[in-house]
Every structure is written in C-alpha cells, then in structure tokens.
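So you can see what is in the structure, the chains are spelled out below.
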Amino acid sequence: RSEAARCPINAMRRWLVLVWAAAVRAEYFDVEEDAFWENDGPQEPRKTVKPKTTAPRIAKRDRAQLSLNQMVTFASQGWIRCVKCIPELRDPGVAAALDRGYEATLRQYARYAPSFMLDRFDVDVYEHNEECGPVVIELLDQGRRGVEEYLDRLRCSVRIGRHYSNVSLPYFQGLNVHRVESVVESVATTKALGLAAASLLQAAKVRLYQTAMFVKDPAHGAGLNNATGWHRDLQLVPLDTRGRGYVTFWCPYERPLGEGDSFLHFAVGSQRDIGFEYWYGNPEKLGPLIAARYAITRVASLDVGDCTAHDGWTFHTAPPQDPSRGARKVVAFSFVTTDAIPLPDLDAENIRVDRPDRVFVREDEIGWRDFYDELEPFEPVDHELLPMVFEDTRATNLPAPGGK
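For every chain, the first residue of the written sequence is number 1, and numbering continues from 1 onward in sequence order. Restriction of local features to residues with pLDDT of at least 70 applies here, the model being predicted, together with a cutoff of 80 or more for giving and counting side-chain atom pairs; totals for whole chains, interfaces and linings are based on all residues. Excluding hydrogens and water, the side-chain values take into account all heavy atoms of the structure.

(A) Expanded view of the overall build of the protein chain. The helix count covers DSSP runs of H or I at least four residues long, the strand count covers runs of E at least two residues long, and both are numbered beginning at the N terminus. Broken down by element type, the protein chain carries 11 helices and 13 strands. Every one of the 404 residues in the protein chain was classed for burial, and the buried ones make up 45%. Contacts are assigned to residue pairs that have any heavy atoms within 4.5 Å of one another. Nonlocal contacts in the protein chain, meaning residues at least 24 apart in sequence, comprise 82% of its contacts between residues at least 6 apart. Reported accessibility uses the Shrake-Rupley method at a 1.4 Å probe radius. Residues are deemed covered only where the shown protein chains occlude them. Carbon and sulfur atoms make up 52% of the accessible area of the protein chain, which totals about 22,100 Å². Burial classes: relative accessible area under 20% of the type maximum marks a residue as buried, over 50% as exposed, and values in between as partly exposed (1.4 Å probe, protein chains only).

In structure tokens:
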C-alpha cells in the first residue's frame, strides 16, 4: 500500500489502543477505595495525612514591587513602609490560620515560662498559689481564656517572688506560627517575599529565620498590652550576620491600623551607628539616649497587606494599645542572609569574656532552641528549620567579610 493509504489505518489503530487502555483503567479503578484495600491482600495501615493548605495566589499587579528609592531609604534610615507587600494577609483563611497559630504558640509559651524563670532567675512560680491561684497545667486545656488565666497567675507569682526588680516573664510573642499552620508557611516562603527581603538586604540568598505574632489586647491583663521597650532584633538572635543582614516585615492582619493603634517607632539610622555601641554599650537609661541621638519616626496607618520593614540592628519600640481600639494583631516575617553563622559564645564565657555588657539575651530561646545546637560553629547556617526562600543563581557569590 502507499504511504498515504497506511496513515489513516495507523491512526485508527492508535485510537483503538487508547480506548482499550482507558476502559481497562476505568474497570481497575472503578472500585470503592475501602474494598480495594480489603481485597488486595495484607496492607500496611493507611496513614491519615492532613492536606497542606496554601495561601491564595496573588496576581503580580496586586503585589508591590520594591523600588530603588525604597532600597536606598532602607539602607540609610533602617526602615521603610511597604504598601501591598504581603496581600495574602487579606484572605480570611490566612487570618483564621494566624489566630489558630497564635493560640497554639500561646500554650507553648505558657508551658515554657516556668522552667525559664527557674533556670534563669531561680524563681519558682509554684510557691505562691495561695496569693495568685494555683498554676496548674489543666488551665491550658480550657481554650485561650484558660491559657490567659494561667499566664495571669504566672505573672502574679513572679511579681511576688522575684528577688530583684528586673525579673519578669520573657516577653510573649507567638514564635514560629508557620511551623504549626501550613497556610502561614506558604505565605512566609513565597518567592516574592523572599525577593523583597533579598532586595532590601542586597543579598543573593536569604533564609526564613522565624515568624512571630504580636497581639496587644487591652481587654486582658496578662501582660498582653505592655509597652515594648527599645531593642534591636539581632540582640535576641543567636546568629552573627557578619555585617550582611537581617530584616523583619511587620504586618497587621484582620483589620487596618490607624490613629490610636500601637505602631512600631523607629530610631532613624540607628542600624549604622557604630559609635553608639563603641561609646555607650548597653546603657541603663536607653530611652533618653536614643531620643537625644536619633529622629524617631513611624507610619500613620497600615492597611491589611501593608507592612513596615526594618533592619535587624534598627532600634525600635511600641507603646501599649489604646483600649478604645480593641486588640491590635500583627504578624512578622524575619529573614537572614545565608552567610550568617551561629554565635559561638552566647554566655560570654570565652570570646567575649571581657564584655559583660554583651551577654546574649535568651528571651527568645523557645524560638531557636530546636536548631541552634545542630549548627556547625563558624559555618554558614544550614538547617531544615531555616529554609532557603530566595536564591539568585545568577549573582556573584562574594565572600563574607573576613571569611571564606
């Protein structure tokens, strides 16, 4: 036969084979799943796998693109406002996941606090049950209000039993909510957010360091509406960024923030002020010195999806929330450059033994204790709990200052 005559026949054969295969597949799989497992011989017990939920996809036009001017402003002033930086936060499903995660991390903190107080300050929170009410673990199974009651009793016990005036419970923040809520993880690890972090830090690669939730609620007295004192984030992070970088995106969710809400206040340019550390170290009266040395600024409003971004060495603070405004809910996403190394001497016993003003603050230990001891000394951080979220393979891999 001619080539032209064979083509229709071959096409018909291929079509018949496909129809037959589809029919066999339909017959094979047209069985109830349970019956399939029951009639196919001994099987391993099936595991119930909770499906991972993800944040909604965001169109490029709905997400902010950082400008060169913003990058320059961040480098010079230590912070910027980023409009439409994380639009996923507008989704009700994301907000619900954050609320669930906050309650879970609240319980985690409540379980951690008694051992922290005993280990660090020799304060036994169980010694004052008569004055404060019993600190019993069963309260943690009674919902969020039970957890808050537990924290109230903890604070009462610390207030009565502390041995010196500066002893207090570690500042509560819901750390690493992305580890308990997959939808939050999907927001924290988006390539777009990683690119924004890398752009501000002028780095080719960045890792997610942590997520944190900051809720100031005037309706509850368990210390959840205290003022946040002046601090630098990297004072609480057991990593040496070697002059490269650490950035935090601080973002409201559930509702916009406006007049009367508690915003971060930034000390402009403080991240570049080497003289402050050299001459003043860790002064007792930090607030007046900062006010005299820097301009203090903040935003006037933030919509849901908007964020402020600040450098890890920028001084910042936040006042209590105005009771007339209700609770202020914020989630923060922090990123670190990949050439960061673990601090080798957290307690200043060796390398920094002559710097008593540089003893590492372990307040956030609950957030990093699961990975710190597994990091290699003097080597760039590499751990599954610190995932790479952005990598520009086209960029030149410059060596770290003073390192390989």
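Next, the rest of the story.
(B) Expanded view of the pattern of salt bridges. In the sections that follow, a salt bridge refers to a side-chain nitrogen of Lys or Arg positioned within 4 Å of a carboxyl oxygen of Asp or Glu. All told, the structure shown has 13 salt bridges when counted by the stated rule. With a shortest N-O distance of 2.6 Å, Glu88 and Arg63 are connected by a salt bridge. On the criterion of sequence distance, the pair formed by Glu88 in the loop between strand E1 (79-82) and helix H4 (92-121) and Arg63 in the loop between helix H2 (33-38) and helix H3 (68-77) is long-range, its members being 25 residues apart. For Glu88, a relative accessible area of 3% translates into the label buried. Between Lys329 and Glu254 there is a salt bridge, with its nearest N and O atoms 3.0 Å apart. Remark: Glu254 occurs in the loop between strand E6 (246-252) and strand E7 (265-267) and Lys329 occurs in strand E11 (residues 328-337); sequence separation between them is 75 residues. Judged by relative accessible area, Lys329 falls into the buried class, the value being 14%. One salt-bridge network, held together by shared partners, links Asp99, Glu254 and Lys329.

(C) Fine view of the environment of Ser67. Looking at the element boundaries, Ser67 is found in the loop between H2 and H3. Each C-alpha atom, one on Ser67 and one on Leu200, is 9.9 Å from the other, the two residues being 133 residues apart in sequence.

(D) Looking closely at the side chain of Asn176. Here Asn176 is to be found in the loop between strand E2 (174-175) and helix H7 (182-188). Under the relative-accessibility criterion, Asn176 is labelled buried at 5%. Here Asn176 is in contact with Tyr209, Gln210, Thr211 and Gly367, once residues within four sequence places are set aside.

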